[in-house]
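Descriptive analysis of the structure
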Amino acid sequence: MILKNFWYVAELSSAINHTPKHITLLGQDFVLYRNTQNQVVALNNLCPHRGGALSGGWVEGNCIRCPYHGWKYQSDGVCIEIPANPPNAGIPKLAHVDSYPTQEKYGWVWVFLGDLPESERPPFPPLPEFGGNGWKAVYGEFKWNAPYTRVVENSIDIAHPPFVHSDTFGNQFNPQRDHYELDLDEWGGSIAAVIKPPPQRGIWKFILRHKNRPDILTKTTLYMPNITRLDVDFGAFKFILFNAHVPIDAKTTVTKWIQLRTFLTHPLFDRDARKRPLKTFLQDQQVVESQRPELLPATLSVHTDTLPMAYRKLLQKCLDKGWGIRQHLIQSDSPSVQRVVIPSPVRRQAPEMAKAWERREGGQEGGGEAEGAGEMGEM
Ligand code: FES
Ligand SMILES: [Fe+2]
């Protein structure tokens, strides 16, 4: 259920510099670095010569050099130097690493993992409040031993807080969800609901005398395939939690999150602001990591599952378009024999790259299954 042809959050912008950085996304290894114009370059991490890890090499201007035999690759993935060759020996056309489009937004580096040209790519998830007047941002991340689809479903599930978060914002005395507005489109959807907050506890019960707290307006939004956003409107104050649930591999997810708030914006309150999502995720983790089967099955659903059900349909639509990445090849019994490479946009323009890595062990040349990714045989 891992999909190509979307923008994925790779890392905080501040964590990428002129030293190569190894990143694992979608079960694949990538190397990221900044070129001389400070733009972020994202390449497949495996050198096509003997499969050396480029992240162990070093950056020279706009290029990266493999640490094994020193082949030098430009930021577009083209090899421009093979040190062991005599001058004018020429460079094989397949000495070309997949290079992926990047952009920096909301303090993160995003990598487009797929081969669609720019005009055909899904829309970029918006966050217009970021950097806006009066909004304060804090960042964090949380690791789950669960597939990202289960984590996303949890994030857009409006019926679980009274049970899973009953000691914080969930109201166990009011679990019914009968008034909400659903809005769906081609790349996601949202569900707006009024929440009755739980009664005040502890000292707050005496400070804020009134027993009935005002209703809170919430909106939960999904952007395919792995971004969710929670808006909480307290009237005078607003709060947003923007989550990128990044598939590290088929069974591991890291949620990279930005929390935006319009209240208590002094940095003194940042530590407390970071604690809240962490506490919520720890409660969700108990449930999400014990769900079986791990992948999303067709199960019983009720009206509050409308957005999760829409999510499943959208996932299926992407699979029908051939955007699925064959995880069984990445996670085969002998991963060193077969590797999958997510195709980059160049494969649509350069004929020699179209089938690069479609090789079988024993020297058989590709053809093979074209779905999702090219394969790299043992080299
Ligand atoms: S493995 Fe990279 S240059 Fe040989
Ligand atoms: Fe939750």
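No experiment lies behind these values; they were computed from the predicted model shown.

Calculation criteria
- Every chain's residues receive numbers from 1 upward, in the order its sequence appears when written.
- Key to labels: chains lettered from A, ligands numbered from 1, both in the order written.
- For a predicted model such as this one, the threshold for reporting local features is a pLDDT of at least 70, and the threshold for listing and counting side-chain atom pairs is 80 or more; totals across whole chains, interfaces and linings nevertheless cover every residue.
- A run of H or I in DSSP counts as a helix once it spans at least four residues, and a run of E counts as a strand once it spans at least two, with each numbered from the N terminus.
- Exposed residues have 12 or fewer other C-beta atoms within 10 Å of their own C-beta, buried residues have 20 or more, and partly exposed residues fall in between, where C-beta atoms are placed from the backbone.
- Working definition of a contact: two residues with C-beta atoms, positioned from the backbone, lying within 7 Å.
- DSSP calls a pair of strands paired once it identifies at least 2 bridges connecting them.
- Buried Ala, Val, Leu, Ile, Met, Phe, Trp, Tyr and Cys residues form a nonpolar core when they are connected through C-beta atoms within 7 Å.
- Just so you know, the domain bounds were taken from an automatic or database domain assignment.
- Scored from 0 to 100, pLDDT records how confident the predictor is in each individual residue.

Right, let's get into the overall build of the protein chain. When its secondary structure is counted, the protein chain shows 7 helices and 20 strands. Burial status across the protein chain gives 34% buried among its 379 residues. Sequence-distant contacts, at least 24 apart, represent 58% of the contacts inside the protein chain between residues at least 6 apart.

Backbone hydrogen bonds hold the strands of a sheet together, and the pairing may be parallel or antiparallel. If you walk across this open sheet you meet the 4 strands as β5-β6-β7-β8, and the pairing is antiparallel. Every other strand in the sheet has two partners, leaving β5 (58-60) and β8 (79-81) as the edge strands with one partner each.

Okay, the pairing of strand β3 (residues 28-34) next. Here is the key point about a regular strand: its side chains alternate between the two faces of the sheet. A large share of β3 lies buried, amounting to 5 of its 7 residues. By the bridge criterion, 5 bridges tie strand β2 (residues 21-25) to β3 in an arrangement that is antiparallel. From the neighbouring strand, Leu25 faces β3, where its bridge partner is Gln28. Taken together, β2 and the strand that follows it, β3, pair antiparallel across an intervening segment of 2 residues, in which Leu26 is found at a positive phi of about 55 degrees. Where β3 meets strand β4 (residues 40-44), 5 bridges bridge the pair, whose relative direction is antiparallel. Considered in β4, the bridge of Arg34 is made with Val40.

Looking now at helix α1 (residues 148-155). In terms of burial, α1 is a largely internal element, 8 of the 8 residues being buried. Considered for burial, the residues of α1 that qualify are Tyr148, Thr149, Arg150, Val151, Val152, Glu153, Asn154 and Ser155.

That bond from Met224 to Pro225 is cis: its omega, -5 degrees, falls within 30 degrees of zero. Within the fold, Pro225 resides in the loop between β15 (216-223) and β16 (227-233). We note that Asn5 has phi near 70 degrees; this positive angle belongs to a residue other than glycine. Here Asn38, not a glycine, exhibits a phi torsion of approximately 70 degrees, which is positive. Along the chain, Asn38 turns up in the loop between β3 and β4. By C-beta crowding, Asn38 is classed as exposed, having 10 other C-beta atoms within 10 Å.

This next bit is on the sheet that holds β3. Strand order in the open sheet formed by 4 strands is β2-β3-β4-β9, with antiparallel pairing between adjacent strands. Each edge of the open sheet carries a strand with a single partner, namely β2 and β9 (99-100).

This part is about the nonpolar core. The tendency in soluble globular proteins is for nonpolar side chains to be buried side by side. Counting 58 residues, the largest nonpolar core has Tyr8, Ala10, Leu32, Ala42, Leu43, Val111 and Leu113 as the members making the most contacts within it. Here this core gets 6 residues from one element, more than from any other, and that element is strand β11 (residues 108-113). A domain-level breakdown of this core finds at least three residues from each of domain 1 (6-120) and domain 2 (136-319). Contacts of Val111, omitting those with residues within four sequence positions, involve Tyr8, Ala10, Ala42, Tyr100 and Thr102. Core analysis: the second largest hydrophobic core is formed by 7 residues, Ala137, Ile240, Phe242 and Leu260 among them.

As a further point, take the confidence of the model for the protein chain. Taken over all residues, the pLDDT of the protein chain has a mean of 86, while the share at 70 or more is 83%. Note that pLDDT drops below 50 for residues 358-379; the model gives that stretch 48 contacts with residues more than four away or on any other chain.

The next subject is the pairing of β11. Counting buried positions over the 6 residues of β11 gives 6, a clear majority of the element. Side chains of β11 alternate between two faces, with Trp108, Trp110 and Phe112 and Val109, Val111 and Leu113 buried alike. Looking at chain direction, strand β1 (residues 6-12) and β11 are connected through 6 bridges and run antiparallel. Within β11, the residue paired with Glu11 across the bridge is Val109. Note that strand β10 (residues 102-105) and β11 share 4 bridges and pair antiparallel. Across the sheet, Gln103 pairs through a bridge with Trp110, a residue of β11. Linking β10 to β11, which pair antiparallel, is a turn of 2 residues; within it Tyr106 sits at a positive phi near 60 degrees.

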